[in-house]
Amino acid sequence: MSSTWFSHWRHAFKLDPEKELSDEMLDALCTSGTDAIIVGGSSGVTFENTVDLMARIRRYELDCALEVTTLEGAVPGFDGYFVPLVLNTDKAEWIIGKQIEGLREFGSFVPWDETAAQGYIILNEEATAAKVTEAHTDLDEAGVISYVQMADRLMRLPVIYIEYSGKFGDMNILKRVRDKVEHGQLFYGGGIDTVDKAREAAQWAHTIVVGNIVYTDLNAALSTVEAVKQSK
Ligand code: 1GP
């Protein structure tokens, strides 16, 4: 795995700018020992709510990155930027189209050294991102591996993101994916809401991402950090 600004991340919280989070909750997340906060959402992301959340996270000393999913939500001032490419869709706009629109408009402002593409493989059909992008989520193991090889070997993307957002995924598939990833950093996200799930996913993924549970059970979300720290 080559060295990047996010190489050391084992655990990250993903926060949605559209969702409400009190100062106390944000403080608990930012001082939990997690490596980073990723700001991103599948809908309702605006310049205003993204700037607002960034400014609140910036008071803390931890990495804060933006997953750029809309043009209006592309806000300067983050430590790093991720540009998602959804690989398992036939809709070219999600693989390269929106990204080209973004570069046409903002290409000269991109901080390239702190910007990385993520090869998303979305595997939960119920996830908003799967619906929006019309992702082919019904892949068998060989299918998933072929996307991983595309992302990691052919496209040499710095991040391979196995995304089950909203549901805990198939850990056997994640294990097989890990065996195949040679160059990129393997991110896993989806349904991590207990210490055990965090530990299991962290066994195979380089980086685990914890999202939804932050908003429904903060203590459970915080416990996932400890699971990863113990496995370091
Ligand atoms: C979402 O991968 C993240 O993009 C995390 O998933 O919200 O299910 O934790 P959850």
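Predicted, not measured: the structure shown is a model, and the values here were computed from it.

A. Seen up close, the site of the ligand. Taken together, the residues surrounding the ligand are K14, Y161, E163, S165, G166, G189, G190, G191, V209, V210, G211 and N212. In this structure, N212 approaches the ligand through a main-chain N or O atom, which is 2.8 Å from an oxygen atom. Of all the secondary-structure elements, those providing two or more residues to the shell around the ligand are β6 (159-163) and β8 (207-210). When the residues that make up the shell around the ligand are grouped by side-chain class, the tally is three nonpolar, seven polar and two charged.

B. Main features of the sheet that holds strand β5 (residues 115-122). Strand order around the closed barrel formed by eight strands is β1-β2-β3-β4-β5-β6-β7-β8, with parallel pairing between neighbours. Strand-to-strand twist in this sheet, taken as the mean axis angle between neighbours without regard to direction, amounts to 30°. Pairing geometry for strand β3 (residues 63-67) and strand β4 (residues 80-86), over three bridges, is parallel. Bridge assignment links E67 to a residue of β4, and that residue is F82. Each of β5 and β6 touches helix α5 (residues 141-154); the most contacted strand, β6, lies at about 155° to it.

C. Seen up close, the packing of α5 against helix α6 (residues 171-180). Running from N to C, α5 and α6 point in directions that differ by 35°, and their axes come no closer than 10 Å. The way α5 lies across α6 gives a crossing that is right-handed. Across from E141, V144, I145, V148, Q149, D152 and R153 in α5, the residues of α6 making contact are I173, R176, V177 and K180. Residue classes in the contact of α5 with α6 are distributed as five nonpolar, one polar and five charged.

D. Region of the structure containing the pairing of β4. With six of seven residues buried, β4 lies mostly within the body of the structure. Two elements, β4 and β5, share six bridges in a ladder whose sense is parallel. Paired with V86 across the strands is Y120, a residue of β5. Viewed along the sheet, the connection from β4 through helix α3 (residues 92-106) into β5 turns out right-handed.

E. Up close: a nonpolar patch on the surface. The grouping of I96, I100, L103 and W112 at the surface amounts to a nonpolar patch, some 420 Å² of accessible area in total. Mapping I100 onto the fold places it in helix α3. Looking at I100, the relative accessible area reads 44%, which means it is partly exposed.

F. Geometry of the packing of aromatic side chains. Taken as a whole and assessed by the stated rule, the structure comprises 14 aromatic pairs. Here the aromatic rings of F6 and F82 are separated by 5.2 Å at their centres, their planes lie at 65°, and the arrangement is edge-to-face. Note that F6 is positioned in the segment before β1 (11-15) and F82 in strand β4, a separation of 76 residues in sequence. Here the two residues F6 and F82 agree in accessibility, since each one is buried. Measuring from ring centre to ring centre gives 6.5 Å for W9 and F187, while their planes differ by 40°; the resulting arrangement is tilted. Here W9 is found in the segment before β1, whereas its partner F187 is found in strand β7 (residues 185-189), with 178 residues between them in sequence. W9 sits in the buried class, given a relative accessible area of 1%. When its relative accessible area of 0% is taken as the criterion, F187 is described as buried. An aromatic cluster of three or more residues is present, and its members are W5, F6, W9, F82, Y120, Y161 and F187. Sitting over the ring of W94, K98 keeps its end group 4.9 Å from the ring centre.

About the thresholds
- Residues numbered from 1 in each chain as written.
- Predicted model: local features only at pLDDT ≥ 70, side-chain atom pairs only at ≥ 80, totals over all residues.
- Heavy atoms only, no water.
- Near = heavy atom within 4 Å.
- Polar contact = N/O pair within 3.5 Å; in protein donor to acceptor, adjacent residues only side chain to side chain.
- Helix = DSSP H or I, 4+ residues; strand = E, 2+ residues; numbered from the N terminus.
- Nonpolar A, V, L, I, M, F, W, Y, C, P; charged D, E, K, R; others polar.
- Pairing = 2+ DSSP bridges.
- Axes fitted to C-alpha atoms, helices over the stretch in contact; angles between N-to-C directions.
- Contact = heavy atoms within 4.5 Å.
- Left-handed = near helix turned anticlockwise from the far one by under 90°.
- Buried < 20%, exposed > 50% of the residue type's maximum accessible area, 1.4 Å probe, protein only.
- Right-handed = clockwise from strand over helix to strand, strands pointing away.
- Patch = residues over 30% accessible without salt bridge, like charges linked within 9 Å, V, L, I, M, F, W, Y side chains within 5 Å.
- Areas by Shrake-Rupley, 256 points an atom, 1.4 Å probe, with all protein chains shown as cover.
- Salt bridge = Lys/Arg side-chain N within 4 Å of Asp/Glu carboxyl O.
- Phe/Tyr/Trp six-rings, centres within 6.5 Å; stacked < 30°, edge-to-face > 60°.
- Lys NZ or Arg CZ within 6 Å of the ring centre and 35° of its normal.

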